[in-house]
Amino acid sequence: MIRVDRYDLRELARIALLANTPYSLYHALAKSPPVRRMIDTCSERELREYYDMISARRGRSEVDVGLAYAVLVALLSLPSRRDPVDSSRLRWGGAIDDLITKSATPTQREVITFRPTAEIRQPEPGRLIVPRAE
Amino acid sequence: MAIRLETSKRTGITNHQDHEISAFNLNWNKSIGRRHPNARRRTSQSALYNCHGFTFASRRTRIETSREIQTILADDAYQEVLLADVLPGDVVIYYSERGDPNHSGIVVETGGLVPWVCSKWGTAGEFVHALQDCPRDLYGPMHRFYRCRL
């Protein structure tokens, strides 16, 4: 369940109103406590359902817009997300989607180890190799 | 809606004009002063232009991507200026940790401890404020000054 109180809603609206660019909006939302909580506690299905509901709403206020962007950022930032999200419903959604996709952190790491190999040639038994004089 | 906007080298700059100001915005805008008591409000709110539109497009439209700002800085021969050399009329750009230009403004006063800047805060109005006295949590921890050398 998504839990946001009045203070959170006002803070999200403040961020949406003061942001000058999609980047500033994304960076501020990604650091905000409500979005961090959504990422930690909500499932992809919950976030998706809430995003669908709030982004389909007509006559959205700044509180709705701030919350919609917050849910979108949380949804796009989920490490376990499987399905694509229609970010185009919000004006800066596409730009935020691009930003998150480009700055995605890897979820798996494979360490490639380098093992040096050397071929050692042994002289045939019974033969004496004498180095040539220069 | 967009307007035709070009750099001095006639490179087109992508932009966008908004017009809607909601009742929430009108009410909320009054409370900004409480968070920044030393910032002086210069104009009421407008969705038509953002900070970069104020700084680089004479308040006519919104410029919203990093790439466009980079294009303007390059085409219009902006050069970085050190804090000690900053003069009124220079431009300040606030950057995120990743280097995205999140905010910009025009220096209006120097000579004190820090320069004073006029800038537009999102859809809120223009404010005259000390360099650091703006919503830095949104606009980023770094800033650089530039002077146009056209």
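Below is a short write-up of the structure. (Residues numbered from 1 in each chain as written. Chains lettered and ligands numbered in written order. Predicted model: local features only at pLDDT ≥ 70, side-chain atom pairs only at ≥ 80, totals over all residues. Heavy atoms only, no water.)

On to empty space enclosed by the protein, then. Tallying each qualifying case throughout the model produces 1 cavity of 30 Å³ or more. For the largest cavity, the full set of lining residues is His 27 and Lys 31 of chain A together with Ser 96, Glu 97, Asn 102, Asp 137, Leu 138, Gly 140 and Pro 141 of chain B. For the lining of the largest cavity, the secondary structure elements donating two or more residues are α2 (22–31) of chain A together with α5 (136–139) of chain B. Of the residues belonging to the lining of the largest cavity, the class tally is 2 nonpolar, 4 polar and 3 charged. (1 Å grid on protein atoms, 1.4 Å probe; cavity = no way out; pocket = protein on both sides within 12 Å on 5 of 7 lines; lining within 4 Å. Points joined across faces, edges and corners; volume = space filled by probe spheres on them. Helix = DSSP H or I, 4+ residues; strand = E, 2+ residues; numbered from the N terminus. Nonpolar A, V, L, I, M, F, W, Y, C, P; charged D, E, K, R; others polar.)

On the chain A side, the residues contacting the 33 residues of chain B number 22 residues. Between chain B and chain A, the buried area comes to about 2,200 Å², and carbon and sulfur atoms account for 53% of it. Our count for the chain B to chain A interface comes out at 5 salt bridges. A salt bridge links Arg 14 of chain A to Asp 137 of chain B, with the nearest nitrogen and oxygen atoms 2.4 Å apart. Applying the counting rule to chain B against chain A returns 14 residue pairs in polar contact (both at pLDDT 80 or more). For the side of chain B that touches chain A, the elements supplying multiple residues, two or more each, are α1 (23–29), α2 (32–35), α3 (51–56), β4 (101–109) and α5 of chain B. (Contact = heavy atoms within 4.5 Å. Buried area = accessible area lost by both parts, 1.4 Å probe. Salt bridge = Lys/Arg side-chain N within 4 Å of Asp/Glu carboxyl O. Polar contact = N/O pair within 3.5 Å; in protein donor to acceptor, adjacent residues only side chain to side chain.)

Another aspect to go through is the packing of aromatic side chains. Residues and elements named next belong to chain B. For the coordinates displayed, the defined rule picks out 2 aromatic pairs over all chains. Each ring, one from Trp 121 and one from Phe 127, has its centre 4.1 Å from the other, and the planes form 20°; the classification is stacked. Judged by its relative accessible area of 2%, Phe 127 is buried. Positioned above the aromatic ring of Tyr 49, the side-chain terminus of Lys 120 is 4.7 Å from the ring centre. Cation over ring: Arg 144 sits above Tyr 95, and NZ or CZ is 5.1 Å from the ring centre. (Phe/Tyr/Trp six-rings, centres within 6.5 Å; stacked < 30°, edge-to-face > 60°. Buried < 20%, exposed > 50% of the residue type's maximum accessible area, 1.4 Å probe, protein only. Lys NZ or Arg CZ within 6 Å of the ring centre and 35° of its normal.)

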